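A closer look at the structure
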Amino acid sequence: MVLIVLLKKSLYLYIRHFLTFFLSALVLQLFASVTLLILWGPLVAGYLAMTLNVIKYRKKKPNYSDLFSQVKNFFPLLLSFVFGPIFFFLGMLFPIFLMEMKVPLIVFSFFLIAIVNTFLMYRELFMIEKRLGVFASYKASYLFVRENSFFYHAKVSLVSLIFLTFPVLFFRDPLSQSMGTAITFPIWALLVSLAFYEGQRHASHKNSIGQ
C-alpha cells in the first residue's frame, strides 16, 4: 500500500472514532503514570489491539475494554517494553562510546535508531496476533520488514514516529504534552496497525498464489 493511502485510511478511522481513541489514549497515560510505567507495555499493546480490531472488522466500533485486553500477557509485554528501549539507548549512546559528540556521529546514531525502530515496529502486534514470545516476536517483526520492502516500512516508521514524538518535542508543560499525545498517539497506532494488517494480507495472498 502506498504511504499516502495508508495515512488517509488511518486519518479516516481516526476522525470517525476520534472520541474513543482520544479518551482511551488519556486513560492509557493515566494508568501508565499511576503504575510508574509498569503497565505501559500491556496498555500500548491493548491500544494496538483496539486499532487492529477496528481495521479488521470495518463496521466494528473501538471497544474501551480492548485497552486492558493484553494485561493477561503482562510479563512478556513488560519484557518487550524493557528490552525495546535498550536498542534505542545504545544507538543514542553511540557517539559517547566513541568519545565524540560531532554532528556526523549524532546523525549516524539517529540513523541507527530509525533502522532498529523499523525492524522492531511490529513486535507487539505479533505478540497479540500470533501469540509469540518476546524474542520470537522481535524475530518475526524483523523478518516481516525484511521480506516486505524495508524502505516502505521505514517510511511508515518515520511518519508514525513524527506523530508519536511531536507533543513531547514541541510542548514544554506536562499538561500540553499529555493532551497532545492523546491527540497524536492514535494516529501512530493506526498507522502501525494498518501497515501490519495490510502486510499480513499481502503475505497471505502471495503464499496462496505460490501454492
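Residues numbered from 1 in each chain as written. Predicted model: local features only at pLDDT ≥ 70, side-chain atom pairs only at ≥ 80, totals over all residues. Heavy atoms only, no water.

Notes on the overall build of the protein chain
Helix and strand counts for the protein chain stand at nine helices and zero strands. Secondary structure elements in the protein chain, listed N-terminal to C-terminal, are α-α-α-α-α-α-α-α-α. For the protein chain, buried positions account for 44% of its 211 residues. Restricting to contacts in the protein chain with at least 6 residues of sequence separation, those with at least 24 account for 71%. For the protein chain, the exposed surface amounts to about 11,800 Å²; the carbon and sulfur share of it is 73%. (Helix = DSSP H or I, 4+ residues; strand = E, 2+ residues; numbered from the N terminus. Buried < 20%, exposed > 50% of the residue type's maximum accessible area, 1.4 Å probe, protein only. Contact = heavy atoms within 4.5 Å. Areas by Shrake-Rupley, 256 points an atom, 1.4 Å probe, with all protein chains shown as cover.)

Notes on the layout of surface pockets
Estimates place the volume of the second largest pocket at around 270 Å³. Those elements giving two or more residues to the lining of the second largest pocket turn out to be α3 (40-56) and α6 (123-129). Its residues placed into classes, the lining of the second largest pocket shows seven nonpolar, four polar and four charged. (1 Å grid on protein atoms, 1.4 Å probe; cavity = no way out; pocket = protein on both sides within 12 Å on 5 of 7 lines; lining within 4 Å. Points joined across faces, edges and corners; volume = space filled by probe spheres on them. Nonpolar A, V, L, I, M, F, W, Y, C, P; charged D, E, K, R; others polar.)

Focus on the packing of aromatic side chains
The relation between two aromatic rings is expressed through the spacing of the ring centres and the mutual angle of the planes. Inspection of every chain in the model, using the stated rule, returns 19 aromatic pairs. Considering the side-chain rings of F18 and F22, the 5.5 Å spacing of their centres and the 15 degrees angle between planes classify their relative orientation as stacked. One end of the pair is F18 and the other is F22, both in helix α2 (residues 18-34) and four residues apart, which spans about a single turn. Relative accessible area serves as the criterion here: at 34%, F18 is assigned to the partly exposed category. Judged by relative accessible area, F22 falls into the buried class, the value being 12%. Ring geometry for Y122 and F196: centres 6.1 Å apart, planes at 35 degrees, overall tilted. Here the residue Y122 occupies a position in the loop between α5 (103-120) and α6, and F196 occupies one in helix α9 (residues 174-210), the gap between them amounting to 74 residues. Here Y122 and F196 have matching classes, each one buried. Among the aromatic residues, ring-to-ring pairing joins F21, W40, Y47, F185 and W188 into one connected group. (Phe/Tyr/Trp six-rings, centres within 6.5 Å; stacked < 30°, edge-to-face > 60°.)

So, unusual backbone geometry
Not every positive phi belongs to a glycine, and L36 is a case in point at roughly 55 degrees. Position of L36 relative to the elements: it lies in the loop between α2 and α3. In this model, R131 sits at a positive phi of 55 degrees, which is unusual for a non-glycine residue. Following the sequence through the fold, R131 ends up in the loop between α6 and α7 (134-147).

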